[in-house]
Amino acid sequence: MSTKDWHTPISKEIIHDIHTVLDFARENTLSDLYADLPIVSGSQETFLEELQKIPTVSATELIKHKEKLIHYPEKDIRYLVSEFDLDNWKDLFLYAQNIDAEWDTVADEVAAYTPRVAIMTVPLSWQLGPMFYKTCRKKNVPVSVLSPRNPPLITQLIKETEAQMVVATSDVAEDVFNILKSEGLQEQVRLWHIVAPLNKKVTIPQLSGDTSIEYHLFPGIPIGYTNPSSKQDSLSFLPSPEYFFEVINDCCYITSLKCHTIPLIRFAISTNTSVDQDGHITIGHE
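Numbers given to residues run from 1 along each chain, matching the order in which its sequence is written. Note on the predicted model: pLDDT of at least 70 is required for a residue's local features to be given, and 80 or more for side-chain atom pairs to be given and counted; whole-chain, interface and lining totals, by contrast, use all residues. Side-chain calculation: all heavy atoms of the structure are included, whereas hydrogens and water are not.

Trainee: Hey, could you run me through the overall build of the protein in this one?
Mentor: Looking only at helices and strands, the protein has seven helices and 15 strands in total. In terms of overall dimensions, the protein is globule-like: its C-alpha atoms have a radius of gyration of 20 Å, near the 19 Å expected for 286 residues. Principal axes of the C-alpha set define a box for the protein whose edges measure 60 × 45 × 35 Å. Only protein chains enter the calculation, and the probe is 1.4 Å; a residue is then buried if its accessible area is under 20% of its type maximum, exposed if over 50%, and partly exposed in between. Counting over 286 residues, the protein shows a buried share of 48%. The contact criterion used throughout is that any non-hydrogen atoms of two residues lie within 4.5 Å. If you take every contact in the protein between residues at least 6 apart in sequence, the share linking residues at least 24 apart comes to 59%. Here the Shrake-Rupley method, with its probe set to 1.4 Å, supplies the accessible areas, and only the displayed protein chains count as covering residues. Summed over its atoms, the accessible surface of the protein is roughly 14100 Å², and 49% of this surface lies on carbon and sulfur atoms. Helix numbers and strand numbers start at the N terminus; a helix is a DSSP run of H or I with at least 4 residues, a strand a run of E with at least 2. The globule rule used for comparison is 2.2 Å times the number of residues to the exponent 0.38, while the radius of gyration itself is calculated over C-alpha atoms.

Trainee: Please clarify how the nonpolar core should be interpreted in this entry.
Mentor: Soluble, globular proteins show a tendency: their nonpolar side chains are buried together. Ranked by internal contacts, the top residues of the largest apolar core, which has 45 residues, are Leu62, Leu217, Ile223, Ile254, Phe267 and Ile269. Looking at this core, the elements that each hand over two or more residues are helix 1 (12-27), helix 2 (47-51), strand 8 (210-216), strand 11 (243-248), strand 12 (251-256), strand 13 (267-270) and strand 15 (281-283). A total of five residues in this core trace back to one element, the largest contributor, which is helix 1. Counting contributing residues per domain, this core is built from domain 1 (6-99 + 240-270) and domain 2 (104-236), each supplying no fewer than three. In this text, buried Ala, Val, Leu, Ile, Met, Phe, Trp, Tyr and Cys residues form a nonpolar core when linked through side-chain atoms within 4.5 Å. Counting residues in hydrophobic clusters, the runner-up holds 19 residues, among them Phe84, Val110, Val141 and Met165. All domain edges in this entry derive from an automatic or database-based domain assignment.

Trainee: Explain the environment of proline 205 to me, please; I cannot follow it from the model alone.
Mentor: Looking at the element boundaries, proline 205 is found in the loop between strand 7 (191-197) and strand 8. Between the C-alpha atom of proline 205 and that of threonine 29, which follows or precedes it by 176 residues, the distance is 46 Å. Excluding anything up to four places from it in sequence, proline 205 contacts Ser170 and Glu174.

Trainee: What's the story with helix 4 (residues 104-113) in this structure? I'm lost.
Mentor: For the α-helix, the turn length of 3.6 residues means that residues three or four positions removed from each other point alike. Among all positions in helix 4, only Thr105, Val106, Ala107, Glu109, Val110 and Tyr113 are buried. Structurally, helix 4 contributes buried residues whose contacts are with helix 5 (129-138), strand 6 (165-168), strand 7, strand 8 and strand 9 (222-226). Where helix 4 ends, the next residue or the one after it, threonine 114, has phi of about 40 degrees, a positive value.

Trainee: Explain unusual backbone geometry to me, please; I cannot follow it from the model alone.
Mentor: Among all residues except glycine, the phi angle is most often negative; among peptide bonds, the trans geometry is most common. A positive phi angle, close to 55 degrees, is found at glutamine 127, a residue other than glycine. By the secondary structure assignment, glutamine 127 is in the loop between strand 4 (118-121) and helix 5. Positioned with a positive phi, arginine 266 is a non-glycine residue whose angle comes to about 50 degrees. Turning to its location among the elements, arginine 266 is positioned in the loop between strand 12 and strand 13.

Trainee: What is the right way to look at the sheet that holds strand 13 in this model?
Mentor: Note on sheets: strands pair through backbone hydrogen bonds, and any given pair is parallel or antiparallel. Strand order in the open sheet formed by four strands is 1-11-12-13, and the pairing between neighbours is antiparallel. The open sheet is flanked by strand 1 (6-7) and strand 13, the only strands paired with a single partner. Between any two strands, at least two bridges found by DSSP are needed for them to pair.

Trainee: I'm lost on helix 1 in this one. Help?
Mentor: Helix length check: helix 1 (16 residues) gives 22 Å between terminal C-alpha atoms against 22 Å at 1.5 Å per residue, within 8%. Within helix 1, the full set of buried residues consists of Ile14, Ile15, Ile18, His19, Val21, Leu22, Phe24, Ala25 and Arg26. Here the buried face of helix 1 lies against helix 2, strand 11 and strand 12. Expected helix span is taken as 1.5 Å per residue step, with the number of steps being one fewer than the number of residues.

Trainee: Quick question: what am I supposed to make of the domain arrangement of the protein here?
Mentor: Reports often express the size of an interface as the amount of accessible area lost when the parts come together. Per the domain assignment, the segments making up the protein are domain 1 (6-99 + 240-270) and domain 2 (104-236). Put simply, the middle of domain 1 and the middle of domain 2, counted by C-alpha atoms, are 28 Å apart. Each side of the interface is counted separately: domain 1 has 23 residues, and domain 2 has 19 residues. Taken together, both faces of the contact between domain 1 and domain 2 bury some 1700 Å²; the carbon and sulfur share is 63%. Accessible area, probed at 1.4 Å, shrinks when two parts are joined; the buried area is that loss added up over both. The largest contributions to the domain 1 side of the interface with domain 2 come from Phe84, Tyr95 and Ile269, which together make up 37% of the buried area. Should a side-chain nitrogen of Lys or Arg be within 4 Å of a carboxyl oxygen of Asp or Glu, the pair is scored as a salt bridge. Remark: the boundary between domain 1 and domain 2 carries zero salt bridges. When contributions to the side of domain 1 that touches domain 2 are tallied by element, the ones reaching two or more residues are strand 2 (77-81), strand 3 (94-98), strand 11 and strand 13. Sort the elements by how many residues they give to the side of domain 1 that touches domain 2 and strand 2 lands first, with four residues. Classification used: nonpolar for Ala, Val, Leu, Ile, Met, Phe, Trp, Tyr, Cys and Pro, charged for Asp, Glu, Lys and Arg, polar for all others including Gly. Residue classes in the side of domain 1 that touches domain 2 are distributed as 15 nonpolar, four polar and four charged.

Have a look at this one:
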């Protein structure tokens, strides 16, 4: 079942979090991107109506204001790129990530699966390595970060380290798994964590062990996740708890619930969205 209009359930905590983000964005001295944000009432009865009076923002708007995106001092951040495919360099802008940022879903998975070693192999331009390394090492799990260009090398490292968790793109995961399978080692990896661009159709390979899928708006900004313990038969996902989601006439908007390095306020992430009765979101692709 799908519905045209839907939003994250509104609670006093949600209202408080959004007000905190709106105040942070509006009053930030390092950026005037959101200087004209209107004041939104704290009333639970009128909150959504007032929130939806705030103009929506798109990636095009961020590109136009790319000199105004910094919301934290430069000593506290690293710069990431907005594009998964660097051939789209004309649309690229830099955005910030806190140098102490941790990867919440990976942290939860490491705690649940306690892998001997965790390996990540995604395009190096995505710059997910520092966040991955910090998260895993905090859990005392050794890591290795590799270029995805050489699946046989990745496979060899998995074998030699007895790695049990792999973070990869779907195509690299499939290539590596096929090599492992050819050598009778298809059961070694207990968890495959697939990183997928939100607005690009991704084919999820059939892999042994559990598979989670995490959808990123930009590299390093995850906004949706599928639980590895569930049997995923579609490309729907659970919305990230770090954002307030609205679906209006099939268009999906998100608003940060934390003071992110770039707060996203009523940011349009898709124009072809459906939501099922359990709150799982599906982004349609052409």
